2 protein chains.
Amino acid sequence: MRELKVDLGERSYPIYIGEGILDGLAATLAKHGIGVKSPLLVVTDENVAKHYLTKVTELLEADGYRVANAVVAPGEKSKSLSVMEEIITVALEAGLDRNSAVIALGGGVVGDLAGFVAASYMRGVRFVQIPTTILAHDSSVGGKVAVNHRLAKNVIGAFHQPEFVLYDIATLKSLPDRVVREGLSELVKEGFIMDREFVEWCDANASRLLALDSAALEHALYIGCGVKAKVVSADEKEGGLRAVLNLGHTIGHALEAVAGYDELHHGEAIAIGMVGAALLSAKLGNPPSIAEETERILRQFGLPVRIPAHFDTDAIMSAMMHDKKFKEGKMVFIVPTAIGQVEINPNVPSEWVREIVDRLKGEA
Amino acid sequence: MRELKVDLGERSYPIYIGEGILDGLAATLAKHGIGVKSPLLVVTDENVAKHYLTKVTELLEADGYRVANAVVAPGEKSKSLSVMEEIITVALEAGLDRNSAVIALGGGVVGDLAGFVAASYMRGVRFVQIPTTILAHDSSVGGKVAVNHRLAKNVIGAFHQPEFVLYDIATLKSLPDRVVREGLSELVKEGFIMDREFVEWCDANASRLLALDSAALEHALYIGCGVKAKVVSADEKEGGLRAVLNLGHTIGHALEAVAGYDELHHGEAIAIGMVGAALLSAKLGNPPSIAEETERILRQFGLPVRIPAHFDTDAIMSAMMHDKKFKEGKMVFIVPTAIGQVEINPNVPSEWVREIVDRLKGEA
Ligand SMILES: NC(=O)c1ccc[n+]([C@@H]2O[C@H](COP(=O)([O-])OP(=O)(O)OC[C@H]3O[C@@H](n4cnc5c(N)ncnc54)[C@H](O)[C@@H]3O)[C@@H](O)[C@H]2O)c1
Ligand SMILES: NC(=O)c1ccc[n+]([C@@H]2O[C@H](COP(=O)([O-])OP(=O)(O)OC[C@H]3O[C@@H](n4cnc5c(N)ncnc54)[C@H](O)[C@@H]3O)[C@@H](O)[C@H]2O)c1
Ligand SMILES: [Zn+2]
Ligand SMILES: [Zn+2]
């Protein structure tokens, strides 16, 4: 097992990463001062519940915890105020009090939703994360929790740090292949932001990662969480530096906004977005090899690197203009300046972005 | 104009209290670094909008601010996640961004609701309070913001401190008489907690306060906010001391829970609750004169000091048992030990409370 500290002063917390560590959940809760007196609430989704809810409940009850649970429908739709309200009904009926904790058992959807419940229930109770996707390495660092509004994603939320994160590699084995790939997209992204060595390691170990090799995953999640933790520690409330984490997300979010149902997963859209950012980089005068390398590596993970031809460029551009990252009308872009290095460029002309979007659609 | 500082380290803020100071709203925003670039959102209710929304909007627009507004129905029902969602729709459509501010123009309902919107919108934007009721002196200090769940009041919320509070005495002149009286109930409560001199002053100036005399109100709000600020500064997140503010609220909340529609306002229920706490105090061995004084003073403000006879004692008791202040089954009560002094007594037998409830119903 590895342990990584997310350094946030008073609100610092550890991430435990290892295979089979879920078995130690009750002991870990106790170690973190979460006792058996007040009931716990496990929030999860139907897919995850099928594999792990009984196990988690039994582990906790065996140690004397009272455990309520709220099982939501899988998918982004569950990140809503109305699902939040239903979860709070469960919490109230189970008698959760100020000393209770909310446990998120699942991917980023469950983490964001349960985290916002924990942030808001009685104005804040303790929160524990048990991420069960690779992408959730991202949501397990930084304390950003949120639900969606029908007009905008993640627009209703809080900063609420967990007590600890327990990342059991074993829970990843049941992930569908496509969810594995998109998680790896965000994981490699951490390397593209600030760790060339990690990008090279991912490049060399792509097949082990895709095969969910335990040692490889443990290493990659440790490094990936570490990059995010480093950025977040330096900039907890998103002053500036934290923006680098959005590499690939400007174009990526716009693609998600215009994509049809299930056409592009988040990590897939981000893969295309990272290629786009690298192409912009070339236009800004950086070596074109950055874009070539980025594309080659992402292809290895079976990730898309082109925008499907039927996507409308105008729609993509207008989705981008509504993105909250465009503070007061300017186009801010995170662009790589080398593999493992990015800059925040606040002056990217929107015509250049349009040109890149068209190129991403054109070539095969 | 008086200025009171709520001392919370980094999150400290001033409360400005005075007659006519609303006219300086735009300048005060500017002074606090809230500029004209990002749109503002004014949240208010229909009653308050009728009197002051046009004025506030014109004042702001005259100084170049763009102002959106959300006008909710008056009353506790508006403190809900669904009304919150509607307000966020307005915010998104008006283009509020991270640099925007949400302005609460109204009583405690509007303050709590708008405050939770501000706490959650894009994970937190700036918040300004313009309280228009006397009771809102309470909600303007401490940063507690929340909406209700159908099973429990104020159970979904956050701590979110305002940038400043602008308390214009002139806006209180349009208050209905009953709302004035219940506001004064909570204001005198601040004295009962820790300021004997203020209680005596209120006693001597009851008729001026009831007549909404500006100088009297300015003084009373200054002292009342000051008491709350003192308690809150010492205990921002409700560790222990802050509980003293709940004098009268244990019985009061239970009465509200069993009361029919509009039968008892909050401040009225709290007045009865304060008498109840004083009677408990006598049972605990303190001088019975505390209860007599408490009752005499509250009567001067035209406040109820007895439980209406048709209220069911069992229902009141069971509502009290569900109150979140009863941590792990024990009955915690705030009881006066003198006029202007209270203690937190964690060991009050529930039979004693029942006896007091019966007495409060019995006598006239
Ligand atoms: N808070 C943050 O900082 C942050 C960062 C990145 C992403 N996010 C959020 O994370 C969400 C995406 O996360 P995600 O990709 O983990 O999505 P997800 O939670 O929807 O999980 C993806 C799918 O995998 C299923 N699943 C999860 N774990 C499984 C397991 N172990 N076995 C089998 N199936 C499993 C889920 O039911 C779902 O169908 C988005 O809502 C995004 O906004 C948040
Ligand atoms: N956050 C806190 O710390 C805190 C503390 C105490 C109370 N509260 C909350 O405050 C709320 C009660 O506050 P309230 O008593 O101010 O209630 P309120 O906001 O409902 O106002 C009472 C009534 O007066 C009307 N009104 C308000 N200002 C007016 C004006 N200037 N002229 C004419 N009519 C006006 C309102 O429309 C309403 O009908 C409760 O929801 C309570 O939970 C919060
Ligand atoms: Zn992402
Ligand atoms: Zn009150």
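What you see is a predicted model; the values in this text were computed from it and never measured. (Residues numbered from 1 in each chain as written. Chains lettered and ligands numbered in written order. Predicted model: local features only at pLDDT ≥ 70, side-chain atom pairs only at ≥ 80, totals over all residues. Heavy atoms only, no water.)

A.B. asks: So what exactly am I meant to see when it comes to the domain arrangement of chain A here?
C.D. replies: The accessible area lost on association of the parts is a frequent measure of interface size. All names here are of chain A. As far as domains go, chain A holds domain 1 (2-174) and domain 2 (177-362). A straight line from the C-alpha centre of domain 1 to that of domain 2 covers 27 Å. Counting each side, the surface lost to burial between domain 1 and domain 2 is near 2600 Å², with a carbon and sulfur contribution of 64%. Ranking the residues of domain 1 by area buried against domain 2 places Arg2, Ile134 and His137 at the top, with a combined share of 25%. If you look at where domain 1 meets domain 2, you find 3 salt bridges. Asp138 serves as the salt-bridge partner of Lys189, at 3.9 Å between the closest nitrogen and oxygen. At the junction of domain 1 with domain 2, the criterion picks out 9 residue pairs in polar contact (both at pLDDT 80 or more). Of all the secondary-structure elements, those providing two or more residues to the side of domain 1 that touches domain 2 are β1 (2-6), β2 (13-18), α5 (136-139) and β8 (152-159). Counting residues per element, the side of domain 1 that touches domain 2 draws most heavily on β1, which supplies 4 residues. (Domains from an automatic or database assignment. Buried area = accessible area lost by both parts, 1.4 Å probe. Salt bridge = Lys/Arg side-chain N within 4 Å of Asp/Glu carboxyl O. Polar contact = N/O pair within 3.5 Å; in protein donor to acceptor, adjacent residues only side chain to side chain. Helix = DSSP H or I, 4+ residues; strand = E, 2+ residues; numbered from the N terminus.)

A.B. asks: Where do I start with the interface of chain A and chain B in this structure?
C.D. replies: The interface is formed by 34 residues belonging to chain A together with 34 residues belonging to chain B. Along the contact surface separating chain A from chain B lie 10 residue pairs in polar contact (both at pLDDT 80 or more). Looking at the side of chain A that touches chain B, the elements that each hand over two or more residues are α3 (81-93), α4 (108-120), β7 (144-149) and β8 of chain A. (Contact = heavy atoms within 4.5 Å.)

A.B. asks: How do you make sense of the packing of aromatic side chains when you look at a structure like this?
C.D. replies: By convention here, two paired aromatic rings are described through the distance between centres and the angle between planes. One pass over the structure, following the stated rule, counts 5 aromatic pairs over all chains. Seen in terms of ring centroids, A:Tyr16 and A:Phe164 are 6.0 Å apart; in terms of plane orientation they differ by 55 degrees. Their pairing is tilted. With A:Tyr16 in strand β2 and A:Phe164 in strand β9 (residues 164-168), this pair connects stretches of sequence that are 148 residues apart. Accessibility assignment for this pair places A:Tyr16 and A:Phe164 in one class, buried. Sitting over the ring of A:Tyr222, A:Arg2 keeps its end group 5.3 Å from the ring centre. Positioned over the ring face of B:Trp352 is B:Lys283, at 5.1 Å from the centre of the ring. (Phe/Tyr/Trp six-rings, centres within 6.5 Å; stacked < 30°, edge-to-face > 60°. Buried < 20%, exposed > 50% of the residue type's maximum accessible area, 1.4 Å probe, protein only. Lys NZ or Arg CZ within 6 Å of the ring centre and 35° of its normal.)

A.B. asks: What's the story with the packing of helix α6 (residues 177-194) of chain B against helix α11 (residues 266-283) of chain B in this structure? I'm lost.
C.D. replies: Between two packed helices, what matters for the description is the angle formed by their axes and the separation of those axes. Residues and elements named next belong to chain B. Relative to each other, α6 and α11 sit at 40 degrees, their axes nearing to 7 Å. The pairing of α6 with α11 is recorded here as oblique in orientation. Viewed along their axes, α6 and α11 form a crossing whose handedness is left-handed. Within the contact between the two elements, α6 uses Arg178, Glu182, Ser185, Glu186, Lys189 and Phe192 and α11 uses His266, Gly267, Glu268, Ile270, Ala271 and Met274. A breakdown of the residues in the contact of α6 with α11 according to their chemical character gives 4 nonpolar, 3 polar and 5 charged. (Axes fitted to C-alpha atoms, helices over the stretch in contact; angles between N-to-C directions. Parallel < 35°, antiparallel > 145°, perpendicular 65-115°, else oblique. Left-handed = near helix turned anticlockwise from the far one by under 90°. Nonpolar A, V, L, I, M, F, W, Y, C, P; charged D, E, K, R; others polar.)

A.B. asks: What is the right way to look at the sheet that holds strand β5 (residues 101-106) of chain A in this model?
C.D. replies: What links the strands of a sheet is backbone hydrogen bonding, and the strands pair in either a parallel or an antiparallel sense. Residues and elements named next belong to chain A. Read from one edge of the open sheet, 7 strands run β1-β2-β9-β6-β5-β3-β4, paired in mixed fashion. Two strands bound the open sheet, and with one partner strand each, they are β1 and β4 (67-72). Looking at each pair of strands side by side, their axes are set apart by 20 degrees on average, direction ignored. Summarising the sheet, strand β6 (residues 126-131) and β9 pair through 2 bridges and their orientation is parallel. Bridging across to β9, Val128 finds its partner in Phe164. (Pairing = 2+ DSSP bridges.)

A.B. asks: Would you mind going over the nonpolar core with me for this structure?
C.D. replies: Among soluble globular proteins, nonpolar side chains are generally buried collectively. The biggest cluster of nonpolar side chains holds 76 residues, and the ones touching the most others in it are B:Ile134 and B:Met320. One finds A:Ala220, A:Leu221, A:Leu298 and A:Phe333 within the second-largest nonpolar core, a separate group that totals 75 residues. (Core = buried A, V, L, I, M, F, W, Y, C linked by side-chain atoms within 4.5 Å.)

A.B. asks: I'm lost on the site of ligand 2 in this one. Help?
C.D. replies: Residue and element names in this part refer to chain B. Around ligand 2, a shell composed of 25 residues is seen, among which Asp45, Glu76, Thr132, Thr133 and Lys144 lie nearest. Between an oxygen atom of ligand 2 and a main-chain N or O atom of Val109, the distance comes to 3.1 Å. The side chain of Thr133 places a nitrogen or oxygen atom 2.7 Å from an oxygen atom of ligand 2. Coverage of ligand 2 by the protein amounts to 89% of the 850 Å² it exposes when considered alone. Sorting the residues of the shell around ligand 2 by element identifies α2 (46-62), α4 (108-120), α5 (136-139) and β8 (152-159) as the ones contributing at least two each. Taken together, the residues of the shell around ligand 2 sort by class into 8 nonpolar, 9 polar and 8 charged. (Near = heavy atom within 4 Å. Areas by Shrake-Rupley, 256 points an atom, 1.4 Å probe, with all protein chains shown as cover.)

A.B. asks: How should I be thinking about the relation of the copies chain A and chain B in this particular structure?
C.D. replies: What relates the two chain copies is a rotation about an axis together with a slide along it. Overlay of chain A on chain B (RMSD 0.0 Å): rotation 180 degrees, translation along the axis 0.0 Å. Taken together, the turn and the small shift mark the pair as related by a two-fold rotation axis. The rotation axis passes nearest to the C-alpha of A:Leu81 in chain A, at a distance of 3.4 Å. (Least-squares fit on C-alpha atoms with pLDDT ≥ 70 in both.)

A.B. asks: How should the side chain of B:His137 be read in this particular structure?
C.D. replies: All names here are of chain B. Mapped onto the secondary structure, His137 falls in helix α5. Residue His137 is classed as buried on the basis of its relative accessible area of 0%. A polar contact is formed between the side chain of His137 and the side chain of Glu190, at a distance of 2.7 Å. Not counting residues within four places of it along the chain, the set of residues in contact with His137 comprises Tyr167, Glu186, Leu187, Glu190, Leu221, Gly224 and Cys225.

A.B. asks: When you look at the coordination of the zinc ion (ligand 3) in this model, what are you seeing that I'm missing?
C.D. replies: Around a metal, the perfect tetrahedron of four donors has angles of 109.5 degrees, and the perfect octahedron of six donors has angles of 90 or 180 degrees. Residues and elements named next belong to chain A. On the protein side, the zinc ion (ligand 3) has Glu186 (OE), His249 (NE2) and His266 (NE2) as donor atoms, found 1.9 to 2.1 Å from it. Mapped onto the sequence, the residues coordinating the zinc ion (ligand 3) show the spacing E-x62-H-x16-H. Placement of Glu186 in helix α6 (residues 177-194) and of His266 in helix α11 (residues 266-283) is noted, with a sequence separation of 80 residues between them. Exposure class is identical for Glu186 and His266. Each is buried. (Donors = N, O, S within 2.8 Å, 3.2 Å for Na, K, Ca; no water.)

A.B. asks: So what exactly am I meant to see when it comes to the pattern of salt bridges here?
C.D. replies: For side chains bearing opposite charge, pairing can occur when the charged atoms are close. Residues and elements named next belong to chain A. For the structure on display, the rule yields 40 salt bridges over all chains. Of the charged contacts, one joins Asp314 and Arg354 as a salt bridge, the two residues approaching to 2.7 Å between their closest N and O atoms. Taken as a pair, Asp314 in helix α13 (residues 313-321) and Arg354 in helix α14 (residues 350-362) lie far apart in primary sequence, 40 residues in all. Its relative accessible area of 44% is what places Asp314 among the partly exposed residues.

A.B. asks: In this structure, what is going on with the environment of B:Val48? I would like to understand it.
C.D. replies: Residue and element names in this part refer to chain B. Looking at the secondary structure, you find Val48 in helix α2. Overall, the relative accessible area of 10% leaves Val48 in the buried class. With 26 residues separating them in the primary sequence, Val48 and Pro74 have C-alpha atoms 8.6 Å apart. Beyond its immediate chain neighbours, meaning those up to four positions away, Val48 contacts Leu53, Leu105, Gly106 and Thr132.

A.B. asks: So what exactly am I meant to see when it comes to the site of ligand 1 here?
C.D. replies: All names here are of chain A. The environment of ligand 1 is formed by 25 residues, the closest being Asp45, Glu76, Thr132, Thr133 and Lys144. Here an oxygen atom of ligand 1 and a side-chain polar atom of Glu76 are 2.7 Å apart. Between ligand 1 and Asn154, the relevant distance is 3.4 Å, taken from an oxygen atom to a side-chain nitrogen or oxygen of the residue. Protein contact buries 89% of the 850 Å² of open area that ligand 1 shows by itself. Those elements giving two or more residues to the shell around ligand 1 turn out to be α2 (46-62), α4, α5 and β8. Looking at the shell around ligand 1, its residues break down into 8 nonpolar, 9 polar and 8 charged.

A.B. asks: Is there a simple way to think about the sheet that holds strand β2 (residues 13-18) of chain B in this case?
C.D. replies: All names here are of chain B. Strand order in the open sheet formed by 7 strands is β1-β2-β9-β6-β5-β3-β4, and the pairing between neighbours is mixed. At either margin of the open sheet sits one strand with a lone partner, and together these are β1 (2-6) and β4 (67-72). When strand polarity is set aside, the average angle formed by the axes of neighbouring strands in this sheet is 20 degrees. Contacts from helix α3 (residues 81-93) reach β3 (40-45) and β4 within the one sheet, and its direction differs from that of β4 by about 160 degrees.

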